[in-house]
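Listed here are the chains, written in short residue letters.
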Amino acid sequence: MSTIQVQAPGLLTTVQDLGRQGFGPVGVSPSGAADPISLRVGNRLVGNKEGAAGLEMLLLGGTFIFPQGAVVALTGSDFGATLDNVRFDVGTSVQVRPGQTLRLGPTTSGARCYLCVQGGIAVKPFLGSASTHILSGLGGFEGRPLRKSDVLGIGRASKRFRKRAVNPKASENFSRRKILRVTPGPQADWFSESSLRAFYEGTYRVDEQSNRMGLRLEGAAVSQSGASEMITEGVSLGAIQVPNGGSPIILFVEQQTTGGYPQIANVISADLHRLGQLRPRDAIRFEPVTFDHARSLLIEQEKLLASRELILE
Amino acid sequence: MQTAQTDGVEFQPASDQSLLIYFGQQITPDAHQRVRKLLRLLEREPIAGVRNLNPAYCSILVSFDALQLKHAQLVEILRGYLRRLAAMRIPKGRELKIPTCYGGEFGPDLNDVASLRGLTPAQVIELHASVTYVVYFLGFVPGFAYLGELPEALATPRLDSPRRSTPPGSVGIAGNQTGVYPFATPGGWRLIGRTPIAMFRPNRKAMSFLAIGDRVRFTPISSARFAALERA
């Protein structure tokens, strides 16, 4: 089996695919890539199925050696990668020769970069998925972020190398945005007019303590109008919950499955991948849209992802 | 009387790909039974396009593929399921015991809970172990069971500032709930003891030690017994 040797792990590098759905009744959240569109595009570049497992890196990338060579691609944010000290562009498939070293540095754009390899990263699936669930130590590579000297297997790949690149024009639609679109949360009417206005007019900064479980925001505090006591209920990916302190938290891929704080809004599906590229201290705003509009934006996005124009061969 | 089962049920879009079904807005045995029944029916006869289910005290969150389903379509399908709940039978929950070593390093908040409620630590232990709890649902993190009702005399608010990490197996109380932390997670519940039982076992078919509807009692054990069970 071909392998990847981890010479330096980077800040937080984990094996991720598109997550495990259907285990809410036992409290297991889906996990999966924080920016699933980058992972899907990366897999297409190397000729994999969209949901194959890749490596997700955060803010500072790792250094990897490919003793047997591989076909690889980097997607998402630009971490200034080099292959044997030669610039390695994001968004292209590259044939790595046996023994070459891929080195990533600190990000020069968003929060996350994905390394996809033809054949996918081979780990024993947990509940049908290769995704790492860091908090519970389940899935991925030994249930944890990568460490120096780890050796990862690469799945068998029968395909040959084809030079592919992301069409910059088409991929503009996936670029980073400062304004996240949201639909009303289930408890939106618990918040006063003035709180809702503060929420939609205010600018929020992503707090340093944010992680794959949730993004904590600093900015205009919002308070509930009523004195209602919230009964714990299931919470959705991208739910923006408001604890008593008034600082909103966006629930993210490794989210708790249930929660007891009122939810003012929910990030739309078509913008969820953008959450994965937010860095600490990034400024964001929220824009309300209807459920119908949110759905048509998702349909548009999926059309573009499935289109031939996205990838140039 | 078939419509009775859909009476008082409310649907609420939670996101563009999820829908909440509320069986009222109160924690009641009836709401719990309806949650269990609908969950069972949805697990047995999955709806095409539905991706995930998150049961809670008196609600279920249904997540779906927005490319396949719209809220209104899902509501229509769910109404059909709800009409069948009245005729459904669900098995009585299992009776399980959770051996727990109370106080000391295992229950750092036991003394605070006692003084907050004007009890001795021994009375807190006795009260906590005196009743049978129902597993209302599993949520929060893998294998975390929401257990109720805590005896009124023990009802205590959450910690003002949550711990950054609670040791796995910690038995906590909050409001009128009690539960066991399966993993080292942040947590605001007051910790009164710890169990050596693994609450989440990823290698077993039944991954969670507890299942929705189970009936649970905590049984006090010594630290020596705790150590012996932990080794076993």
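With that out of the way, let us pick up the overall build of chain A. Looking only at helices and strands, one finds five helices and 23 strands in chain A. In terms of overall size, chain A behaves like a compact globule, its C-alpha atoms giving a radius of gyration of 20 Å where 313 residues would be expected to give roughly 20 Å. Projected onto its principal axes, the C-alpha coordinates of chain A cover approximately 65 × 40 × 30 Å. Among the 313 residues that make up chain A, the fraction classed as buried is 53%. The long-range fraction of contacts in chain A, counting pairs at least 24 apart against all pairs at least 6 apart in sequence, stands at 76%.

Val72, Cys116, Val117, Ile121 and Ile250 of chain A together with Val62 of chain B are the most contacted members of the largest nonpolar core, which has 149 residues in total. Apart from the residues within four sequence positions on either side, Val117 of chain A is in contact with Val46, Gly54, Ala70, Val71, Val72 and Ile154 of chain A.

What follows is about the pairing of strand S7 (residues 145-148) of chain B. Two faces make up the sheet, and in a regular strand the side chains alternate between them. Residue and element names in this part refer to chain B. In terms of strand pairing, strand S6 (residues 133-138) meets S7 through four bridges, oriented antiparallel. If you follow Phe137 over to S7, its bridge partner there is Tyr146. Between S6 and the antiparallel strand that follows it, S7, lie six residues; Phe140 among them carries a positive phi value of about 75°.

This brings us to the environment of Ser161 of chain B. On the secondary structure map, Ser161 of chain B appears in the loop between S7 and strand S8 (163-166). Separated by 47 residues in the primary sequence, Ser161 of chain B and Ser208 of chain B have C-alpha atoms spaced 28 Å apart.

The next subject is helix H2 (residues 71-83) of chain B. For H2 of chain B, with 13 residues, the first-to-last C-alpha span of 18 Å sits near the 18 Å given by 1.5 Å per residue. Along its buried surface, H2 of chain B packs onto helix H5 (291-306) of chain A together with strand S1 (9-15), strand S2 (18-23), helix H1 (29-44) and strand S4 (59-64) of chain B.

This brings us to the sheet that holds strand S15 (residues 204-206) of chain A. All names here are of chain A. Strand order in the closed barrel formed by seven strands is S14-S21-S18-S19-S16-S15-S22, and the pairing between neighbours is mixed. Taking each pair of neighbouring strands and ignoring which way they run, the sheet shows an average axis angle of 40°. Examined bridge by bridge, strand S16 (residues 214-218) and strand S19 (residues 249-251) share three bridges and lie antiparallel to one another. What sits directly across from Gly214, in S19, is Leu251.

Residue and element names in this part refer to chain B. In terms of domains, chain B is made up of domain 1 (2-87) and domain 2 (95-231). At the interface, eight residues of domain 1 touch seven residues of domain 2. Within the residue set of the side of domain 1 that touches domain 2, elements represented by two or more residues are H1 and strand S3 (50-55). Counting residues per element, the side of domain 1 that touches domain 2 draws most heavily on H1, which supplies three residues. Grouping the amino acids of the side of domain 1 that touches domain 2 by side-chain chemistry returns five nonpolar, two polar and one charged.

This next bit is on the interface of chain A and chain B. Where the parts come together, the accessible area they lose is often given as the size of the interface. Contact with chain A, which involves 32 residues of that partner, is made by 40 residues of chain B. Broken down by secondary-structure element, the contributors of at least two residues to the side of chain A that touches chain B are strand S17 (233-234) and H5 of chain A. In terms of residue class, the side of chain A that touches chain B is made up of 14 nonpolar, 15 polar and three charged.

The next subject is the sheet that holds strand S8 (residues 93-96) of chain A. All names here are of chain A. The five strands lie next to each other as S2-S3-S10-S5-S8, forming an open sheet whose pairing is antiparallel. The sheet terminates laterally at strand S2 (14-16) and S8, the two strands that pair on one side only. Direction aside, neighbouring strands of the sheet carry axes that sit 30° apart on average. Sitting on the sheet, helix H1 (residues 36-45) is in contact with S2, strand S3 (54-58), strand S5 (70-76), S8 and strand S10 (112-117), with an inclination near 30° to S10.

Here the amide bond leading from Gly148 of chain B into Glu149 of chain B is cis, since omega sits at -10°, within 30 degrees of zero. Position of Glu149 of chain B relative to the elements: it lies in the loop between S7 and S8. A positive phi is found at Glu142 of chain A, a non-glycine position, where the angle reads about 50°. In the Ramachandran plot, Arg281 of chain A falls in the positive-phi region, its phi being about 80° despite a non-glycine side chain. By the secondary structure assignment, Arg281 of chain A is in the loop between helix H4 (272-275) and strand S22 (283-288).

Before going further, it helps to examine the domain arrangement of chain A. All names here are of chain A. Split by domain assignment, chain A resolves into domain 1 (3-166) and domain 2 (179-308). The distance between the C-alpha centroids of domain 1 and domain 2 comes to 27 Å. Listed by partner, the interface residues are 22 residues for domain 1 and 14 residues for domain 2. Here the side of domain 1 that touches domain 2 takes three residues from H1, the largest share from any one element. In terms of residue class, the side of domain 1 that touches domain 2 is built from nine nonpolar, ten polar and three charged.

Rules used throughout
Residues numbered from 1 in each chain as written. Chains lettered and ligands numbered in written order. Predicted model: local features only at pLDDT ≥ 70, side-chain atom pairs only at ≥ 80, totals over all residues. Helix = DSSP H or I, 4+ residues; strand = E, 2+ residues; numbered from the N terminus. Rg over C-alpha atoms; globule rule 2.2 N^0.38 Å. Buried ≥ 20, exposed ≤ 12 C-beta atoms within 10 Å, placed from the backbone. Contact = placed C-beta atoms within 7 Å. Core = buried A, V, L, I, M, F, W, Y, C linked by C-beta atoms within 7 Å. Pairing = 2+ DSSP bridges. Expected span 1.5 Å × (residues − 1). Axes fitted to C-alpha atoms, helices over the stretch in contact; angles between N-to-C directions. Domains from an automatic or database assignment. Nonpolar A, V, L, I, M, F, W, Y, C, P; charged D, E, K, R; others polar.

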